[in-house]
Amino acid sequence: MSDASGRSFKLTGKRLELLQALRREQGLASARAERIPRLPPAASYPLSFAQQRLWFLDRLMPGSAAYNVPLAIRLTGGLDPAALAAAFSALAARQAVLRTTFVLMPPPSPSSGSSSVFVDGEPAQRVAPPDFSARLALVDGSALPAHAQAGWVRRRAAEFARRPFDLARGPLLRLVLLRLDAGAHVLLACLHHTISDGWSLQILLREIAALYGAAVAARNGSGAAAAQPAALPGTLPELPIQYTDFACWQRDQARAGSLDDQLAYWRGQLAGAPTVVELAADRPRPAVPELRGGVTELVLPAALAGGVRELALRHGATPFMVLLGALGALLARHGAPEDLLVGTLVAGRHRPETEGLIGFFANTLVLRVDGAGDPTFVELLARVRDTTLGAFAHQDVPFERLVEQLAPERSLRHMPLFQVLFVLQNMEPAAVEIPGLLMTPLPAPTGLTRLDLGLTAVLADDGLTLAAEYGAELFDATTVRRLLVRFGRLVEAAAAAPEVRLSALSPLPASERHQLLAEWAPGAVELPGDPLLHRLFEAAVAAGPQRLALIYGQERMTYGELNGRADALARRLRELGVGPERTVGLLMERRPALIVAILAVLEAGGAYLPLAADSPADRLAFVLDDAAVHLVIADPDLAPLLAGSGVRVLDAEIIDSGLELGAASGSASDRPVAEATKSSAGASQTVAHPANLCYVIYTSGSTGRPKGVMVPHGAVSATLRWRLARFGLTPADCVLQNIAFTFDPSLWQIFGALLSGARLVLVPPGAHQDFSGLVRTIARERVTITDLAPSMLRAFLEQDGLEGCGSLRLLFAGGEALEPELARRFAARFPDAELYNIYGPTEAAIDASTWRCAPRPAAATLPIGAPISGKRLFVLCRDLEPAPIGVPGELFIGGAALARGYLGRPELTAERFLPDPFSAGDPGARRYRT
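Residues numbered from 1 in each chain as written. Predicted model: local features only at pLDDT ≥ 70, side-chain atom pairs only at ≥ 80, totals over all residues. Heavy atoms only, no water.

Peer 1: I would appreciate a short explanation of a nonpolar patch on the surface in the present structure.
Peer 2: Taken together, the side chains of Phe56, Leu60 and Leu412 define a hydrophobic patch exposed on the protein surface, amounting to about 240 Å² of accessible area. As for its position among the elements, leucine 412 is in the loop between helix 12 (399-406) and strand 10 (420-425). (Patch = residues over 30% accessible without salt bridge, like charges linked within 9 Å, V, L, I, M, F, W, Y side chains within 5 Å. Areas by Shrake-Rupley, 256 points an atom, 1.4 Å probe, with all protein chains shown as cover. Salt bridge = Lys/Arg side-chain N within 4 Å of Asp/Glu carboxyl O. Helix = DSSP H or I, 4+ residues; strand = E, 2+ residues; numbered from the N terminus.)

Here you go:
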């Protein structure tokens, strides 16, 4: 087998025994007894299936180095460059594939019966004569300081590995020798994948060592002429066949139908499996990939390697199967389906005559890792064992034929059938020592990859080494390293408790879990102030009763006047039975009387329920019935909407005139309720508790039946007090109230102003979408703070006269996704103002998180930010455990400052408001499922 970078290894131990037994049962061993015939020389030869796929990809992506196979060898000792060049020439004479190029044959005639899929003819291999002379360029870096040579070698190697090949012109092997000093060189070799694979590099290294030794001996014994390729006979045994013989034999086997049974196996094995898997990535997959790749490694301790071996032995599996099962379970936590396809590589040299050949023999197997149904790890391992043995028993089908048969989605954006490759190595490439010279393989990455993720594991006595080759256009190095750490943690958990279900095997190391649950989701911070809004308002009144509180057109109202009217109405509401847990409907337009009514309901100890005047009659009737409302304060022109509802109606004109004009039943009272501006902090007879309802707001019902969200005083007070402290509101501020009071952010606008002594400017009904009017109002009243949904902000920024809105210092955008482009436009137009992206469903009591947009944010998307005080944000997986960093999941909001639940719907409340096991020491903690 080979890993993603082309290095090879053999099946060993129990895996080989199991596979051989299975092959014998299926009668495959006898079928392979026939040797591949050696054919007479010809002008051209067909391509193997693997070569044909790469030739076709080269036509689609001319100039790409994605299928280059580099090799770097450190040469330590006295090197003879002429002998090395002669050794490579002799190797090319011996291995015909090194003299091969790929040409396009003339189009077939109609009578030829050709079945070529290429309309302009068939590609073919052509082999140059054996007098091929290898060119070994020498680049001298000995003048560089010793500390600079390593970097110079890396840069040279990377540049060398990324130079594309011309398959038609060749040669497809190129060489360069870097000289560091008299006793140290680095040989860089690069072959195209059409003529080589990982196993081939081992053959090349072994045979070059033998041929170089022979060339040096010949030079020392007979002079320079004896070092030529023709003077190196008998150094190595004759090859039984050449690669072209294998390619012809493979084509003949396919035409004879010898692979039909194996193809049928693969069609059944892979039926219904997803062939494109999008892992959680840092960036979306580009439309035109550049194939940039990166490599990162992690070494895990010896105890973990021992645990893998022990687990495999105990359950009749192999370490490869254990690690593959763990990888599938991990990827299911990173965006992949529970049932997914993973590729692996086999050497493809099951016949003895191919073992010594350089060429492209490696085959790709597609393994189905089925973790559906939340099995235990032992159950998953049994599935993986069966799948792996079956795949190895049917490995003769070339991957290219499998793709042709299954016809998955073909795209240059991703590999067909799978995008993740896994390989287990049992050994690293070894150094080769010959008299006077030590040849040591070095890493030689190309910096390119066709894979999303290629994971190579090296299992040794001293530990488990993981090397990940990844698509750099999708992932950052830190993301992939975290993935490797989680892989090690999951393997450790599986080895320790294999009978546990996959959902209970956490891939999170302790450090990441602490980061997610403690550092990024802190608990609440105690905030100063009374937890009841009307008491906080009274404190602002006491601090400045003559301050201007409300502005509505030409109407003005001071804090003292506002408080006096609210006190008077609150007393009347108490007489009508309003108190804790009693809900009062408000069917009113936006004007000062509405603000008085809200304050009065809260002061009376009740909760208010906003009713939209433009609601359909059936929705209004539903809400009144569902909330069991007995009293509604209504504007006179809206009261007819309540006819037949059976609720008592208090005419809102009482707030302005001081007279109750009558209830819906026709009764009347002439009791005056408006008293002069007399007010004092503590004048209210507070009977509410922080746990009592503050308001009930009904959702839109767009996903079904409208739900009444119950929010207690303590929850909304915590949010508002945090906002006041965070954004530093003062009496010098002026807040524009433009959000409909049927949406809870309106509370922030109302109480953000009234609890800080600032001025509150009310936008007339319907005028919130008159953007030119908003511009004039902001300029006239010197508004400093307001909210605009992103769609409204876009329209606002297109208005004339924005230069008069320089008083703005804070703008909050919520309710919709805020695009970076819009944030940039705002920053350019209002450089002295701050823009905040706000997120929070009604169930979170106004806000859950906030994010200050940078003056010119360059990101593709803007985050919703960090949790505010009293809230905790969690991104959880399907099993309600924390999703690893960077992995999509479902957003949950925790903390004390949440809604109580849904009015009259205990089952739905229990479904959406779940216990929060991550809040240690608080058994009653909850989290809301967004």
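So much for the structure itself; the text now carries on.
Peer 1: Got a minute to help me understand the packing of aromatic side chains in this structure?
Peer 2: To describe a pair of aromatic rings, one takes the distance between the centres and the angle between the planes. For the coordinates displayed, the defined rule picks out 21 aromatic pairs. Taken together, Trp722, Phe727, Trp748, Phe812 and Tyr836 form an aromatic cluster joined through their ring pairs. Positioned above the aromatic ring of phenylalanine 165, the side-chain terminus of arginine 174 is 4.0 Å from the ring centre. The cationic tip of arginine 927 hangs over the ring face of phenylalanine 892; the distance from NZ or CZ to the ring centre is 5.6 Å. (Phe/Tyr/Trp six-rings, centres within 6.5 Å; stacked < 30°, edge-to-face > 60°. Lys NZ or Arg CZ within 6 Å of the ring centre and 35° of its normal.)

Peer 1: Could you clarify how one ought to interpret the environment of proline 531 in this entry?
Peer 2: Its location among the elements puts proline 531 in the loop between helix 14 (510-519) and helix 15 (533-543). Distance from proline 531 to serine 717, taken between C-alpha atoms, is 5.5 Å for residues 186 residues apart in sequence. What proline 531 contacts, discounting residues up to four positions off in sequence, is Pro690, His713, Gly714, Ser717 and Arg721. (Contact = heavy atoms within 4.5 Å.)

Peer 1: What exactly am I supposed to notice about helix 21 (residues 745-754) here?
Peer 2: Three or four residues apart is the spacing at which side chains of an α-helix point the same way, because the helix has 3.6 residues per turn. The buried fraction of helix 21 amounts to nine of the ten residues, a majority that puts the element mostly inside the structure. Among the residues of helix 21, Ser746, Leu747, Trp748, Gln749, Ile750, Phe751, Gly752, Ala753 and Leu754 are the ones counted as buried. (Buried < 20%, exposed > 50% of the residue type's maximum accessible area, 1.4 Å probe, protein only.)

Peer 1: Just checking my understanding: could you explain the nonpolar core for this structure?
Peer 2: As a rule of thumb, soluble globular proteins bury nonpolar side chains together. Counting residues in each nonpolar core, the largest one holds 149 residues, and the members touching the most others are Phe88 and Met439. Contact partners of phenylalanine 88, with chain neighbours within four places excluded, come to Ala134, Leu173, Leu175, Leu187, Leu204 and Ile208. Counting residues in each nonpolar core, the second largest holds 81 residues, with Ala566, Leu631, Ile655 and Ala758 among its members. (Core = buried A, V, L, I, M, F, W, Y, C linked by side-chain atoms within 4.5 Å.)

Peer 1: Explanation requested: the pairing of strand 2 (residues 100-104) in the structure shown.
Peer 2: Remember that side chains alternate between the two faces of the sheet whenever the strand is regular. A large share of strand 2 lies buried, amounting to four of its five residues. Sheet analysis places strand 2 next to strand 3 (residues 123-127), joined by five bridges and oriented antiparallel. Across the sheet, threonine 101 pairs through a bridge with arginine 126, a residue of strand 3. (Pairing = 2+ DSSP bridges.)

Peer 1: Sorry if this is basic, but what is going on with the sheet that holds strand 11 (residues 432-434) here?
Peer 2: Hydrogen bonds between backbone groups are what pair the strands of a sheet, and the pairing can be parallel or antiparallel. Pairing within the open sheet is mixed, and its six strands lie in the order 4-5-6-1-12-11. Each end of this open sheet is capped by a strand with a single partner; those strands are strand 4 (136-140) and strand 11. Across this sheet, the average inter-strand angle for adjacent strands is 20 degrees, counted without regard to direction. Across five bridges, strand 4 lies against strand 5 (residues 173-181) in parallel orientation. Within strand 5, the residue paired with valine 139 across the bridge is leucine 178. In the packing of helix 4 (residues 81-94) onto the sheet, the strands contacted are strand 1 (68-77), strand 4, strand 5 and strand 6 (184-192), and the crossing angle to strand 5 comes to about 160 degrees. Here helix 5 (residues 146-161) sits on the sheet and contacts strand 1, strand 4, strand 5 and strand 6; the angle it forms with strand 5, its principal contact strand, is near 170 degrees. (Axes fitted to C-alpha atoms, helices over the stretch in contact; angles between N-to-C directions.)

Peer 1: Would you mind going over the environment of tryptophan 266 with me for this structure?
Peer 2: Among the structural elements, tryptophan 266 can be located in helix 8 (residues 260-269). On the basis of relative accessibility, which here comes to 1%, the residue tryptophan 266 falls in the buried class. Taking the C-alpha atoms as reference, tryptophan 266 lies 8.9 Å from valine 366; in sequence the two are 100 residues apart. Look past the residues within four positions of tryptophan 266 in its chain and what remains in contact with it is Leu365, Val366, Ala391, His394, Val397 and Leu402. A distance of 2.8 Å separates the side chain of tryptophan 266 from the backbone oxygen of histidine 394, its partner in a polar contact. (Polar contact = N/O pair within 3.5 Å; in protein donor to acceptor, adjacent residues only side chain to side chain.)

Peer 1: Please explain the confidence of the model for the chain as it appears in this structure.
Peer 2: Detailed reading of the predicted coordinates is not advisable wherever pLDDT is low. A residue-level look at the chain finds 88% of positions with pLDDT of 70 or above and a mean pLDDT of 88. Averaged pLDDT values for the elements of the chain fall to 43 in helix 2 (residues 28-31) and rise to 98 in strand 24 (residues 759-762). (pLDDT = per-residue confidence, 0-100.)

Peer 1: Is there a simple way to explain empty space enclosed by the protein in this structure?
Peer 2: Empty space left among the atoms is revealed by rolling a probe the size of a water molecule over them. Applying the stated criterion across every chain, the model contains five cavities of 30 Å³ or more. Of the pockets and cavities examined, the largest cavity occupies roughly 130 Å³. As for the largest cavity, its lining consists of 15 residues, and the residues nearest its centre are Pro289, Arg413, Leu451, Asp452 and Glu473. A per-class count over the lining of the largest cavity returns six nonpolar, three polar and six charged. In this structure, the second largest cavity spans a volume of roughly 50 Å³. In terms of lining, the second largest cavity is formed by Leu54, Leu57, Asp58, Met61, Ser64, Ala66, Tyr67 and His192. Across the lining of the second largest cavity, the residue classes break down as five nonpolar, two polar and one charged. (1 Å grid on protein atoms, 1.4 Å probe; cavity = no way out; pocket = protein on both sides within 12 Å on 5 of 7 lines; lining within 4 Å. Points joined across faces, edges and corners; volume = space filled by probe spheres on them. Nonpolar A, V, L, I, M, F, W, Y, C, P; charged D, E, K, R; others polar.)

Peer 1: Which parts of the structure should I look at to understand the pattern of salt bridges?
Peer 2: Side-chain pairs of opposite charge can arise where the charged atoms are in close proximity. Counted by the stated rule, this structure contains 36 salt bridges. Two residues, arginine 489 and glutamate 492, come together in a salt bridge whose shortest N-O distance is 3.7 Å. Of this pair, arginine 489 and glutamate 492 both sit in helix 13 (residues 477-496), three residues apart, roughly one helical turn. Judged by relative accessible area, arginine 489 falls into the partly exposed class, the value being 29%. The shortest N-O distance in the salt bridge between aspartate 635 and arginine 591 comes to 2.7 Å. Placement of aspartate 635 in the loop between strand 19 (631-634) and strand 20 (648-651) and of arginine 591 in the loop between strand 17 (583-587) and helix 17 (592-603) is noted, with a sequence separation of 44 residues between them. In this structure, a network of salt bridges that share partners links the residues Arg794, Glu819, Glu821 and Arg825.

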